[in-house]
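In case you want the letters, here they are:
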Amino acid sequence: MDLGVRWKLHGDGRTPAPGAVVRPDERLSWPRTAGLGAQHVVAMFGASFVAPVLMGLDPNLAIMMSGVATMVFLLATRGRVPSYLGCSLSFVGVAAVIRADGGTSATVTGAVLVVGVALFLVGVAVQRFGARIIHAAMPPIVTGAVVMLIGFNLAPVTATTYWPQDQWTALLVMLFTGLAVVCLRGFWSRIAIFLGLVFGYGISWLFDRIFGRIRSADASGKVTDHWRLDLSGVGQADWIGLPTFHGPSFEWSAILVALPVVIALVAENAGHVKAVGEMTGDDLDDKLGTAISADGVGSVLSTAVGGPPTTTYSENIGVMAATRVYSTAAYWAAACFALLFGLCPKFGAVVAAIPGGVLGGITVILYGMIGLLGAQIWINAGVDLRNPLNLVPAAAGIIIGVGNVTMEFTDTFELSGIALGTLVVITGYHALRAFAPAHLKNRQPLLDEGTSSYDEASS
């Protein structure tokens with residue numbers, strides 16, 4: 001059985017010829033392959049260790065399990081889809097909601113594990129029936145709206161938890177990260193989040209030396225005098241050791257909050273496979289279902305031991321675009337590096353020491369970008385928001401999700417925020433479509449520009 005772990009040497013193994021690319025089944029020399037793997041690790045670092053910190057999970061375990069998930073993904077796709085599976089940011093809002101309702105880390109990982117199982121089953125269905133079932137159940141108007149409400153639901157987390165801890169550091173980090181994303185080129189722009197974190201560490205250390213301790217609320221909301229950057233835990237941490245493991249706990253209320261993220265993960269995987277296929281020149285449509293299932297398995301493995309869920313990373317697509325090296329051997333090298341980092345508690349202590357103000361500046365941009373990916377889905381698909389069939393369910397669902405509207409069904413069961421907003425978008429769209437006149441279903445503009453009357457003539 002071909003597992004995609006045999007690679008032909010590309011040329012002399014040194015530098016690709018001008019205009020040439022290193023294909024997934026090829027590799028450069030092993031030292032150069034290891035170097036490329038290190039680049040992939042750096043590219044995924046920013047989001048991959050911010051995600052577990054924001055979710056209240058062990059960053060060491062997160063990095064380790066991202067390596068395991070990547071290996072599973074590469075084996076499942078037989079080395080045809082070069083990809084790194086890092087920690088998914090789509091679940092940050094879910095984790096915040098679950099914890100706000102009294103949930104523990106075990107509750108969070110239990111809910112996300114169920115999402116991983118659901119993602120695996122979606123992948124199996126896609127393998128059996130084709131991608132058309134995704135488009136039928138979740139057309140772009142639905143997918144975009146759900147991704148948008150997931151991202152924007154996070155706004156209160158930044159506004160009430162991170163930003164108030166050190167508003168001036170947060171402002172500077174936000175500005176620096178924004179400049180890095182826009183002004184830097186190639187590989188450096190892909191690691192802008194990581195650079196923003198490094199800058200935030202430096203600014204926090206400098207402010208501590210100049211201004212002394214800051215009096216502000218900590219992550220729990222308690223106002224105290226404290227150092228912005230506290231590295232005391234780093235000195236106490238061991239160089240080598242296992243991360244902290246824990247089992248999942250399953251609660252229906254938490255599971256219902258987390259399940260809508262399946263839609264975002266399906267969209268992420270579909271977009272990733274399409275992008276990689278265009279870059280490599282390979283038709284990877286037959287691997288879409290496998291890729292989705294493999295991502296689901298990776299998430300299940302990670303959350304089963306207490307880690308965060310995983311997903312394909314666009315940051316690593318940027319590395320491939322910059323280097324024109326699509327070798328899956330580089331991703332195996334990256335996965336091995338991630339395993340080694342996961343076995344270094346001192347590394348985890350450095351990550352855990354990220355100042356709250358730094359996270360405030362990073363999350364302002366990061367959460368907004370997650371939300372606006374929903375708008376990008378609409379733009380790419382040419383969704384017409386002048387058509388009420390698209391406009392009404394999306395508008396209602398987004399407001400419910402962002403505003404965290406709650407529906408109480410019994411004394412012990414309620415739906416709110418992400419879960420309720422997603423339910424409204426999906427059921428609202430399909431219910432309205434069942435009763436809508438034919439001319440609305442044809443996606444033709446319904447509202448005449450500048451008026452509030454229906455343009456019947458255009459139908």
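Residues numbered from 1 in each chain as written. Predicted model: local features only at pLDDT ≥ 70, side-chain atom pairs only at ≥ 80, totals over all residues. Heavy atoms only, no water.

Quick note on the threshold: UniProt positions are given in the numbering used here, feature names are shortened, and annotations may be inferred rather than shown by experiment.
Under an unreviewed UniProt entry, the name given to the chain is Solute carrier family 23 protein, and the source organism is Streptomyces fuscus. Its UniProt record gives the chain a comment under Subcellular location (unreviewed entry), which states: "Membrane".

1. So, the overall build of the chain
Spelled out, the test is: Secondary structure elements are defined from DSSP: runs of H or I of at least 4 residues count as helices, runs of E of at least 2 residues count as strands, and each element is numbered from the N terminus. Classification of residues uses two cut-offs on accessible area relative to the type maximum, computed with a 1.4 Å probe and protein chains only: under 20% is buried, over 50% is exposed, and between them is partly exposed. The accessible surface values rely on the Shrake-Rupley method and a 1.4 Å probe; as for residues, cover is taken only from the protein chains in view.
Tallying secondary structure elements over the chain gives 21 helices and 8 strands in all. When each of the 459 residues of the chain is scored for burial, the buried share is 51%. Surface summary for the chain: the accessible area is close to 20,200 Å², and the carbon and sulfur share equals 64%.

2. Some thoughts on the environment of Leu389
Quick note on the threshold: Every residue pair with non-hydrogen atoms within 4.5 Å of one another is taken to be in contact.
Inspection of the secondary structure puts Leu389 in helix H19 (residues 388–403). Overall, Leu389 belongs to the buried group, its relative accessible area being 4%. Setting aside residues up to four positions removed in sequence, Leu389 forms contacts with Tyr429, Leu432, Arg433, Ala436, Leu440 and Lys441.

3. Description of helix H8 (residues 167–183)
In plain terms, the rule: A helix is expected to span 1.5 Å for every residue after the first. To obtain the arc, one takes the directions from the helix axis to the C-beta atoms.
Given a rise of 1.5 Å per residue, 17 residues ought to cover 24 Å, and the 24 Å separating the end C-alpha atoms of H8 matches this to within 8%. Looking at H8, one finds that the buried residues are Thr169, Ala170, Val173, Thr177 and Ala180. The arc enclosing the buried residues of H8, seen along the axis, measures out at 95 degrees, which places them on a common side. For H8, the exposed residues lying more than 90 degrees away from the buried face are Trp168, Leu179 and Val182.

4. Let's talk about unusual backbone geometry
Even without being a glycine, Arg78 presents a positive backbone phi close to 55 degrees. By secondary structure assignment, the location of Arg78 is in the loop between helix H2 (59–76) and strand S3 (85–87). Its relative accessible area of 32% is what places Arg78 among the partly exposed residues.

5. Some words on the pattern of salt bridges
Applied cut-off: Salt bridges, as used here, are contacts in which a Lys or Arg side-chain nitrogen is within 4 Å of a carboxyl oxygen on Asp or Glu.
A full pass over the atoms with the stated rule returns 6 salt bridges. Salt-bridge contacts for Asp166 lead to Arg228; the nearest nitrogen and oxygen are separated by 3.2 Å. Remark: Arg228 occurs in the loop between strand S5 (223–226) and helix H11 (232–236) and Asp166 occurs in the loop between helix H7 (155–162) and H8; sequence separation between them is 62 residues. Taking relative accessible area as the criterion, Asp166 reaches 7% and is therefore assigned buried. Residue classification places Arg228 among the buried positions, given a relative accessible area of 13%. Arg228 is the partner of Asp208 in a salt bridge, and the nearest nitrogen-oxygen pair spans 3.1 Å. Of this pair, Asp208 sits in helix H10 (residues 192–211) while Arg228 sits in the loop between S5 and H11, placing them 20 residues apart in sequence. In this structure, Asp208 and Arg228 share a single accessibility class: buried.

6. Quick look at the packing of aromatic side chains
A ring pair, where both rings are aromatic, is described by two values, the distance of the centres and the angle of the planes. Put simply, the rule is: Ring geometry is summarised as follows: Phe, Tyr and Trp rings, the Trp one being its six-membered ring, pair when their centres sit within 6.5 Å, and such pairs are stacked at plane angles under 30 degrees, edge-to-face over 60 and tilted between the two. The criterion is that NZ of a Lys, or CZ of an Arg, lies within 6 Å of the ring centre and within 35 degrees of the ring normal, and then a charge sits over that ring.
For the structure shown, the criterion picks out 3 aromatic pairs. Considering the side-chain rings of Trp7 and Trp30, the 6.0 Å spacing of their centres and the 85 degrees angle between planes classify their relative orientation as edge-to-face. Taken together, the residues Trp7 in the segment before strand S1 (8–9) and Trp30 in helix H1 (residues 30–55) connect sequence positions 23 residues apart. By relative accessible area, Trp30 is classed as partly exposed at 45%. For the ring pair Phe176 and Phe199, a centre distance of 4.3 Å and an interplane angle of 5 degrees mean the geometry is stacked. Placement of the pair is Phe176 in helix H8 and Phe199 in helix H10, with a sequence separation of 23 residues. Owing to a relative accessible area of 24%, Phe199 belongs among the partly exposed residues under this scheme. Above the ring of Trp239, the side-chain terminus of Lys346 is found at 5.1 Å from the ring centroid.

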